[in-house]
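A closer look at the structure
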Amino acid sequence: MWTLFVLCILGLDVCLTNGEDNSTQMYYFNLTVEDSAIANVSEKLTTFVSSTNLKVDQLKMTTICQSVSTGTECSCRSDFIWSDRVCQESSEKCCGDKNCTFTKKPAPMCVSKETVAVSGSITLNGQEHYKCLEEKYSEEFQQCNNKILREMKTVYSTLAGFDMLTITKYRVGSIIVDFEMTFAYQVKQQQLIEKSKNLSSTLSASVSLETTGVVHLCMLPKSPVCYYHKPSLTCTAQEDLKSLPVWQLTTEGEIFRIFSGTESEVTRTTMETSVTLKNISKLWEGEYKCIYHQQSDLISITHKASAVMDISLLPKIYMTIAPTFPHCTKGSESLKIRVRCETESDNEKYNVTWEGQHIIACPFKLSDDVYAADVTVSCNQSLNRPQLTCTFKNRCKEERKASAFIDVIYENDPFCKADGDWEDTKAGFTAVLKCTNATGQRERKCNTTLGPTLDPTWEPEVSMCVKQAVNRVLQKANIVNIGLGSLDENAAVVFSLLESVTNDSETINTVADMNASVQVLYSLSQRINGINNDSTADGFLNSSSNMLEKSLNESWTAKANKGNNSLAETYLDSIENLIQKTNLTRAPKKKNIEVAASNCSQGSKCLSTVFNNSVELVSSDPVSVKTAGFKELGNYLPNKDTTFEPNSLIVSVTTERNQSDSVKVTINFSLIKPRPHNVKLKCVSWDNITSSWSSEGCEWQLASSESVCICTHLSSFAILMSKYPVKIRGLEELTLVGLSVSVVSLLLTLAIELIVWNAIVKTSTLYIRHTAHVNICLCLLIADCCFLASFKLSAANREMWCWIFVFLKHFCYLSMFFWMLCLSSMLLHQAIFLFHNMSKKKYLKFSLVLGYVCPLLIAVITFLSYNNGAEGSYYSSESCWLCYAGLMKGSIHTFVMPVGAIVFFNMFSMAVVIIKLLDHPKNREKWDENEKKAAITVMRSVILLTPIFGVTWIFGFAVMLLDLTSGTIVTIVHWTFSLLNSFQGLFILLTTCLADKLTRDALLKHLKRNAPASTTDSVTTLDSTWRN
């Protein structure tokens, strides 16, 4: 027996209120008949209506069903298909015209391929129909409901093919009426719109309709779609709907709009649209809808068609061996290991096969996603390397394989012993472990032995584990432009997720996590065309700023990946591209990134400031300039010049067209650390070709404008500072030679003073002079020896010896000048007070206090004032001398200021004495001639000594104030100072000893006295002796 579902369409000869259109009504019935009677059913039923008011227009058979053991098996007749509801609700996805078995009775009926189903809502204004919200069985509800239903049927039943109309419910929001209706075949859309306008006018309401069947969706090939196919979905309308369609995909509970992208191509017209998938994956599996939308004042009509794509997938296979390196011990013939092939969870039913070489495999299934095999491996080393392959086949007989070699540790093979969760590993191989609660893997290499007696050693672990939250963002970034969803909306979602992830530094505190985060930025910079939304721009800048936190330093500086570019390079390149594509309507300032935008007219200046770094750009063309400042990034970019280090933020300057012709960029950097004296700065830009800093096209404005750079191109700019002061070639050698000569000269000077002391020190003036000379020489000798000793200090004790030598040099040089002060003050005293003679004892006490106590106090107070002699504050470890940090800054000024005052006093004293000597007072004859000679000698000494010390240190003041980076003149000054200063001992020997007649005569007399007597003299003396 067969059950037949029959459809008949009756034309009801009933005039509507407008007296023009007739209503239609659909009737459905089923017949249970013998198989032999099916052919005559339609003919017999055509004449069963005899009423003059009713006319049977069409009578068609839709569905044929028969009872089977599992339920009711049904099939659709030609031109009929299963409805969308049956397709979506049936457990076996009963769609199209396929044969289906239903367990529930009655079985559903097929509908015409031209059937139009309409679901809609009417929003009623006013309070007239509020009684429709009463209880369903109340009289008020019935009256209200019947009135609205009658009005709706009166309008829509006049459309050809009208089947039924049902009000499903009433909702609050004004009063909203939800309803459903069907038409047996196509409805003219203009007529549907007109009828809806009539209903809207009658009920004073807005009408919203959603249809299925007006447009038709065809998918080729039909499901299941094979993995390597390129399926196409085409949606057609029977008439011009005068609107462009929209494609949607519902997959795993999410709804995406479909656009043209790297994996999809969308074409659209008002009557036909299609989607072609160029590369399919699990992402493209689900329900597809094409949607046309028509809108007028109070009428909204949406036309939909849908199809379900079931993809026969191929998996990504993760193959693991346990143990990874099976160990054959002495006497073992074979080993048993377990090999697992795991896949990501999907609904595909795979046929898995195993094959191998030199092994015996026993496969089995552990779970839906895990397939395994117990493998027996021989310990015979003469056999080839064992290999195992697992092959996955899908419903389309397409296959994907995964293979792995089994690396056996044979009896005499070297290996690294197990360490923690790292198992025994064969020498020369890398052990791999899957990350726990993260994506990726950990690797650790076992180094080969360097000799027969050495065991293999483990290298440090390299972790490429990416946290799940970070990996999800990366996966979304990689599919942002495949066509699933709007590119701009997808980018906004990814930036929002990245911002959320990077807000917690702990989430990206590893190299792998930072690398994944940078790859998100890089992926988006290559895929998106622009950022035109402020919230998206904020998400981009916030996440980028979060990644530059100081606490993440190790995530940047550790080994990142095996590629050519460092993380920082990729980050900078990505950020520059994204900033160039961002429409900045305001100047966002973040913690570690600040961006400024400005527009320049032709030939004018563009001014912008980021993190107190000012940028001025002059271009021959009108441009839109974007400037960005980055904190911390300079510490992470590779620097091939190890003698320089970053001393500014990185400032990036780009234009909308990235033009570089006729551009002048002036940047006034805010230096991170003050530039030390004589230290060179270098203006650089990042060169993407060489992956290094380049000074080409950039010029530093020297010490006069030490933070200013002028460049003639666009790039990312920074200032590098030398780690060492500028050195003048040969100057150090000259100093060493000069100091060595000075030390020998000072020793000779002291020896001469000791020899001639008794012979020439006859007066108080001479006593004072030579006492001062001896102490000056002694102090200078100790200071020069300290300088020589501090040139080559060992690294082990450098810090201790350095500050000791600095203290001694500070004290001795000051003492030398203070003894000069004693000498000049004595001369000034005698020139002014002619008849007042100073006793030797008083002078000695005065000189000892002034010459040693005062310098000692200055040296000690300086030491204590500058952090108890701390390096960098009190002294410089590079020069082993006092620090100079700028004008009136640094410990060097505790030396310079007293010396300057003494040199000035010496000059003043010398001028007074000269004036006095030129004057001829009446009582001058009373002055003792010896005293006059002594005074003149002292004055000559002062005149000779003062230029030596004074002029030298005037050059020293110039050396301190002038910067070696300023040019050739400064180099000449340094040479002059070093020449005069290092040979001071020689100058003292020449001027105070050899050039002084008294000292020279006394020395010659002493030398003659100690010389051997001649032969004549000896004989004469002997004869005289005998005669006596």
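Basis of the calculations
Residues numbered from 1 in each chain as written. Predicted model: local features only at pLDDT ≥ 70, side-chain atom pairs only at ≥ 80, totals over all residues. Heavy atoms only, no water. Pairing = 2+ DSSP bridges. Helix = DSSP H or I, 4+ residues; strand = E, 2+ residues; numbered from the N terminus. Expected span 1.5 Å × (residues − 1). Buried < 20%, exposed > 50% of the residue type's maximum accessible area, 1.4 Å probe, protein only. Arc of directions from axis to C-beta. Contact = heavy atoms within 4.5 Å. Salt bridge = Lys/Arg side-chain N within 4 Å of Asp/Glu carboxyl O. Patch = residues over 30% accessible without salt bridge, like charges linked within 9 Å, V, L, I, M, F, W, Y side chains within 5 Å. Areas by Shrake-Rupley, 256 points an atom, 1.4 Å probe, with all protein chains shown as cover. Lys, Arg positive; Asp, Glu negative; His and termini not counted. Charge placed at Lys NZ, Arg CZ, Asp CG, Glu CD. Disulfide = S-S within 2.5 Å. pLDDT = per-residue confidence, 0-100. Axes fitted to C-alpha atoms, helices over the stretch in contact; angles between N-to-C directions.

This part takes up the sheet that holds strand β31 (residues 430-434). The pairing of strands in a sheet happens through backbone hydrogen bonds and is either parallel or antiparallel. Read from one edge to the other, the open sheet built from three strands follows the order β31-β33-β34, with strand pairing classed as antiparallel. Either end of the sheet is taken by a strand with one partner, and the two such strands are β31 and β34 (462-463).

On to helix α19 (residues 997-1009), then. For α19, with 13 residues, the first-to-last C-alpha span of 18 Å sits near the 18 Å given by 1.5 Å per residue. For α19, the complete set of buried residues consists of T999, A1002 and L1003. On an axial view of α19, the arc spanned by its buried residues comes to 100 degrees, and they lie on one face. What points out from α19, more than 90 degrees from its buried face, is the exposed set K997, K1005 and K1008. Tucked inside the fold, the buried residues of α19 contact α11 (731-760), α12 (764-789) and α18 (984-994).

Applying the stated criterion across every chain yields a total of 24 salt bridges. In this structure, D374 engages R338 in a salt bridge whose closest nitrogen and oxygen atoms are separated by 2.9 Å. With a gap of 36 residues between them, D374 in strand β26 (residues 370-378) and R338 in strand β23 (residues 334-343) connect regions that are remote in the sequence. Overlapping salt bridges, with partners in common, bring together D310, E348 and R395 in one network.

Before going further, it helps to examine a negative patch on the surface. A surface patch of like charges, here negative, comprises E134, E135, E139 and E140. For E135, the location among the structural elements is in the loop between β8 (116-124) and α3 (139-156). Of the residues examined, E135 reaches a relative accessible area of 63% and is grouped as exposed.

To continue, consider the state of the cysteines. Under the criterion given, the structure shown has 14 disulfides. The disulfide partner of C132 is C144, and the S-S distance across this bridge is 1.8 Å. Between C132 and C144 the sulfur-sulfur dihedral comes to about -95 degrees; the bridge is accordingly left-handed. Pair noted here: C132 is in the loop between β8 and α3 and C144 is in helix α3, with a separation of 12 residues, a long-range link. With respect to class, C132 is no different from C144; both count as buried. Paired through a disulfide, C328 and C379 show a sulfur-sulfur distance of 2.0 Å. Residues C328 and C379 are joined through a disulfide that is left-handed, its torsion about the S-S bond being -85 degrees. With a gap of 51 residues between them, C328 in the loop between β22 (317-322) and β23 and C379 in the loop between β26 and β27 (387-393) connect regions that are remote in the sequence. A single burial state applies to C328 and to C379, both of which are buried. Its sulfur unpaired, C785 is 7.1 Å from the next cysteine sulfur, which belongs to C786.

On to the confidence of the model for the protein. Within the protein, residue pLDDT values average 84, and 87% of them lie at 70 or more. Taken together, the stretch residues 1013-1028 has pLDDT below 50 and engages in one contact with residues farther than four places along the chain or on a different chain.

Turning our attention to the sheet that holds strand β16 (residues 254-258). If you walk across this open sheet you meet the eight strands as β9-β10-β8-β11-β20-β19-β15-β16, and the pairing is mixed. Of all the strands in the sheet, just β9 (162-172) and β16 have a single pairing partner and so form its edges. Within this sheet the neighbouring strands show an average axis-to-axis angle of 20 degrees, counted without direction. Examined bridge by bridge, β9 and strand β10 (residues 175-183) share nine bridges and lie antiparallel to one another. Pairing of M164 across the sheet is with T182, part of β10. Across the sheet, α3 lies against β8, β9, β10 and β11 (205-212), angled at about 140 degrees from β9, the strand it touches most. Docked against the sheet, helix α4 (residues 189-203) engages β8, β10, β11, β19 (286-295) and β20 (299-309), running at close to 150 degrees with respect to β11.

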